[in-house]
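Spelled out from the first residue to the last, the chains are:
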Protein chains: 2
Amino acid sequence: MGFWKSFFGSPDTASTRTQFEGDIVQGMNDASSEMFRDRADVNTRILFSTERDIDLYELEELCDAVGWSRRPMRKVRKALQHSFLVASVWQVRGNSRRLIGFARATSDHAFNATIWDVVVHPEFQGKGLGKGLMKYMIKKLRSEDISNITLFADPHVVKFYQRMGFMADPEGIKGMFWYPD
Amino acid sequence: MGFWKSFFGSPDTASTRTQFEGDIVQGMNDASSEMFRDRADVNTRILFSTERDIDLYELEELCDAVGWSRRPMRKVRKALQHSFLVASVWQVRGNSRRLIGFARATSDHAFNATIWDVVVHPEFQGKGLGKGLMKYMIKKLRSEDISNITLFADPHVVKFYQRMGFMADPEGIKGMFWYPD
């Protein structure tokens, strides 16, 4: 219950504690996976995992669903291989499962990590899964002794990340981008 | 001359084109090193390199010189090992050389890179070396097909990076930080 509480237990998230509220059911394949019971549907479980064997077509489908522009699969594969952390969220029913969330982080394995490509399938948004995914990422990065976790947030999600404890432009530090001409 | 010009050739850097203006002398140990003649002192060369066998005590001395707080050498070593790109600047005189600049980048090897720990020794600041180092980083990252180059800039260097072509908060994207409580 402790971990579950740390995911969804704060008062300000009460409104998102509907469909996926529940207890940890079991650790899955490895120590990096955590499964939650869905109280609204006893046949459904939600799995958070750091396993890396993600079907790239399934990932593309998830990214399509939120309207991201497609990227070459060859490069996506390479990016996943070289990300420090790859986190995924699965809806599990019996023996089948569906990829419904994803995020990854680059890192120097020592000081800094940068989170990229945070996505939750539209059908599953507004249920606290994005918050759960970010808490899961932070927990995993902290367990690797990474203290400086960074990201670049689009304007409409800045408040979401602020509620997760992220600060925008702390001490006037500016996120900056260089693109090819 | 082409590469040199791309380093220091733009009009807005004329004032910094004093001590280190010169031509490429030779590629060094590998294709990733570039040596410049110092026109103010014919016995001195400036070397830009991506080799990774940097003496960590020498790096610590460089970081001390700009007043950065010390970090555990064990973690610095790990961070260098797991950085995608490590760039250094050396003052070379005869057979001896001195570390006078440093920067590194994390990356997913495919889409994104994030530049960290950009430092030029105070004695060598104001001579265009910081700009040269950043151009060198960008060139190396571009040669690896990385198109999204990011960094987090302290307020007093935001203008410097803007002159290098970096944009602060493009389209309202915010750099965000999470620190442990």
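Predicted model only: the values in this text are computed from it and were never measured.

Draft legend 1. Up close: the overall build of chain A. When its secondary structure is counted, chain A shows 5 helices and 9 strands. Expressed as a percentage of its 181 residues, the buried residues of chain A come to 51%. Counting only contacts in chain A whose residues sit at least 6 apart along the sequence, the fraction spanning at least 24 positions is 55%. Carbon and sulfur atoms provide 48% of the accessible area of chain A, an area that totals close to 8,400 Å².

Draft legend 2. Fine view of the relation of the copies chain A and chain B. Overlaying chain A on chain B yields an RMSD of 0.0 Å, the required transformation being a rotation through 180° with an accompanying axial translation of 0.0 Å. One copy is carried onto the other by what is essentially a two-fold rotation axis. Residue A:Gly175, judged by its C-alpha, is the member of chain A lying nearest the rotation axis, at 2.1 Å. The overlap is high: 100% of the interface residues of chain A also sit at the interface in chain B, so the same surface is used on both sides.

Draft legend 3. Unusual backbone geometry, seen in detail. Positive phi, normally seen in glycine, also occurs at A:Asp117, with a value near 55°. Take A:Asp117: it is sitting in strand 6 (residues 112-120). For A:Asp117, a relative accessible area of 16% puts it in the buried group. Backbone geometry at B:Asp169 places phi at a positive 45°, although glycine is not the residue there. Mapped onto the elements, B:Asp169 comes out in the loop between strand 8 (167-168) and strand 9 (174-178).

Draft legend 4. How the structure looks around the pairing of strand 7 (residues 148-153) of chain B. Here strand 7 of chain B lies mainly inside the structure; 6 of its 6 residues are buried. A two-sided burial pattern is seen for strand 7 of chain B, the buried positions comprising B:Asn148, B:Thr150 and B:Phe152 on one face and B:Ile149, B:Leu151 and B:Ala153 on the other. Where strand 9 (residues 174-178) of chain A meets strand 7 of chain B, 5 bridges bridge the pair, whose relative direction is antiparallel. Each bridged residue has a counterpart across the sheet, and for A:Met176 the counterpart in strand 7 of chain B is B:Leu151. Strand direction decides the pairing type here: strand 6 (residues 112-120) of chain B and strand 7 of chain B, joined by 4 bridges, are parallel. Along strand 7 of chain B, the bridge assignment pairs B:Asn112 with B:Asn148. Traced from strand 6 of chain B through helix 4 (residues 129-143) of chain B to strand 7 of chain B, the parallel crossover comes out right-handed.

Draft legend 5. Representation of the interface of chain A and chain B in the model. With 49 residues of chain A in contact, the opposing surface of chain B contributes 49 residues. With both sides pooled, the region where chain A packs onto chain B buries about 4,800 Å², and carbon together with sulfur makes up 61% of that total. A per-residue breakdown of the area chain A buries against chain B is headed by A:Phe111, A:Met176 and A:Trp178, which together make up 19% of the total. Our count for the contact surface shared by chain A and chain B stands at 6 salt bridges. The partner of B:Lys174 in a salt bridge is A:Asp169, with the nearest N and O atoms 2.7 Å apart. Joining chain A to chain B, the criterion identifies 24 residue pairs in polar contact (both at pLDDT 80 or more). A per-element tally of the side of chain A that touches chain B places strand 7 (residues 148-153) of chain A first, with 6 residues. Taken together, the residues that form the side of chain A that touches chain B break down as 24 nonpolar, 14 polar and 11 charged. In terms of strand pairing, strand 9 of chain A meets strand 8 of chain B through 2 bridges, oriented antiparallel.

Cut-offs and rules
Residues numbered from 1 in each chain as written. Chains lettered and ligands numbered in written order. Predicted model: local features only at pLDDT ≥ 70, side-chain atom pairs only at ≥ 80, totals over all residues. Heavy atoms only, no water. Helix = DSSP H or I, 4+ residues; strand = E, 2+ residues; numbered from the N terminus. Buried < 20%, exposed > 50% of the residue type's maximum accessible area, 1.4 Å probe, protein only. Contact = heavy atoms within 4.5 Å. Areas by Shrake-Rupley, 256 points an atom, 1.4 Å probe, with all protein chains shown as cover. Least-squares fit on C-alpha atoms with pLDDT ≥ 70 in both. Pairing = 2+ DSSP bridges. Right-handed = clockwise from strand over helix to strand, strands pointing away. Buried area = accessible area lost by both parts, 1.4 Å probe. Salt bridge = Lys/Arg side-chain N within 4 Å of Asp/Glu carboxyl O. Polar contact = N/O pair within 3.5 Å; in protein donor to acceptor, adjacent residues only side chain to side chain. Nonpolar A, V, L, I, M, F, W, Y, C, P; charged D, E, K, R; others polar.

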